[in-house]
Amino acid sequence: MFRLVSPTLRQAANRISSTNATRAKLSSASAAKSTPPPSPSSPLAGDTGHKATHLHHHMTTFLALATPLYIFAPDSYTDGMLDKAFGMGVATAMAAHSWIGMNYVATDYVPKISKKLLGPARVLNAVLGVVTFVGLSKIALNGKGGVKGTVKGLWRPKVDEKKESS
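First things first, this report covers the structure right here in the doc. (Residues numbered from 1 in each chain as written. Predicted model: local features only at pLDDT ≥ 70, side-chain atom pairs only at ≥ 80, totals over all residues. Heavy atoms only, no water.)

## A closer look at the pattern of salt bridges
Condition: The salt bridge definition used is simple: a Lys or Arg side-chain nitrogen within 4 Å of an Asp or Glu carboxyl oxygen. In this description a helix means any DSSP run of H or I spanning at least four residues, a strand means any run of E spanning at least two, and both kinds are numbered starting from the N terminus. The buried label applies to any residue whose accessible area, calculated with a 1.4 Å probe on protein chains only, is under 20% of its type's maximum; exposed applies above 50%, and partly exposed to all values in between.
The final tally for this structure, using the stated rule, is two salt bridges. Between Asp75 and Lys148 there is a salt bridge, with the nearest N and O atoms lying 3.3 Å from each other. Of the two residues, Asp75 is situated in helix H3 (residues 75-78) and Lys148 in helix H6 (residues 146-153); the sequence distance between them amounts to 73 residues. Of the residues examined, Asp75 reaches a relative accessible area of 36% and is grouped as partly exposed. Among the residues examined, Lys148 registers a relative accessible area of 2% and is labelled buried. When the shortest N-O distance is used, the salt bridge between Lys152 and Asp75 registers 2.9 Å. Taken together, the residues Lys152 in helix H6 and Asp75 in helix H3 connect sequence positions 77 residues apart. One salt-bridge network, held together by shared partners, links Asp75, Lys148 and Lys152.

Put into structure tokens, the structure is as follows:
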């Protein structure tokens, strides 16, 4: 491409190209020898591993697509067991999604404060996941419209009991 006239420039260019070739060989050798990430040291480490990432992404897709369909479907289609089943599915997916997501947050930010706090942060995330699951399950299984009725109730105007009784 270019002809280097100066012998000093030619030597520098040869050194750079040989250094780059050596680096490329070393990086390909180290990539071949690289070991997979270690398995989670604790069952509370919900963000570690290939399966956790894929599960988290699949739950995100499920929640993003199915929840609006369920909420905006006519009540006659979703009354009864379908309402309870979908409510339990949403409760499970939301609780697991938040648990794995919060473990990602804990892994990223807690060690910046103290590495010793990562274990307690994971326990706190597990407790929050269980509380989320129990609370959403209770809503899903109650007889007052389940998750869908609760979400719709957020936008319904408050009804005065005095006006209804008269």
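## Quick notes on the nonpolar core
How we decide: To form a nonpolar core, buried Ala, Val, Leu, Ile, Met, Phe, Trp, Tyr and Cys residues must be joined to one another through side-chain atoms within 4.5 Å.
One finds Ala66, Tyr70, Ile71, Phe86, Val90, Ala140 and Val147 forming the largest nonpolar core, which totals seven residues. Elements with a contribution of two residues or more to this core: helix H2 (50-72) and helix H4 (81-113). For this core, the element with the highest residue contribution is H2, accounting for three residues.

## Notes on the environment of Trp99
In plain terms, the rule: Two residues form a contact once any of their heavy atoms are found within 4.5 Å.
The topology assignment puts Trp99 in helix H4. Classification of Trp99 as partly exposed rests on a relative accessible area of 22%. When the C-alpha positions of Trp99 and Val127 are compared, they lie 8.8 Å apart, and in sequence the two are 28 residues distant. When sequence neighbours within four positions are dropped, the list of residues in contact with Trp99 reads Pro43, Leu44, Gly46, Asn125 and Ala126.

## Brief notes about the side chain of Asn125
Along the chain, Asn125 turns up in helix H5 (residues 118-141). Dropping the residues within four chain positions of it, Asn125 is found in contact with Trp99, Met102, Asn103 and Ala106.

## Quick notes on the packing of H4 against H5
The condition is simple: Axis geometry follows a simple rule: fit a line to the C-alpha atoms, using only the stretch in contact for helices, then measure angles between N-to-C directions, giving values from 0 to 180 degrees. Roughly parallel means an angle under 35 degrees; roughly antiparallel, over 145; roughly perpendicular, 65 to 115; everything else is oblique. By definition, turning the near helix anticlockwise from the far helix through less than a right angle yields a left-handed crossing, and turning it clockwise yields a right-handed one. Three classes are used, and their members are as follows: Ala, Val, Leu, Ile, Met, Phe, Trp, Tyr, Cys and Pro are nonpolar, Asp, Glu, Lys and Arg are charged, and the others, Gly among them, are polar.
Across the interface, H4 lies against H5 with an axial gap of 8 Å and an inter-helix angle of 165 degrees. The pairing of H4 with H5 is recorded here as roughly antiparallel in orientation. Where H4 crosses over H5, the handedness of that crossing is right-handed. Of the residues contributing to the contact of H4 with H5, the split by class is 16 nonpolar, nine polar and two charged.

Coordinates in, geometry out; function isn't part of it.
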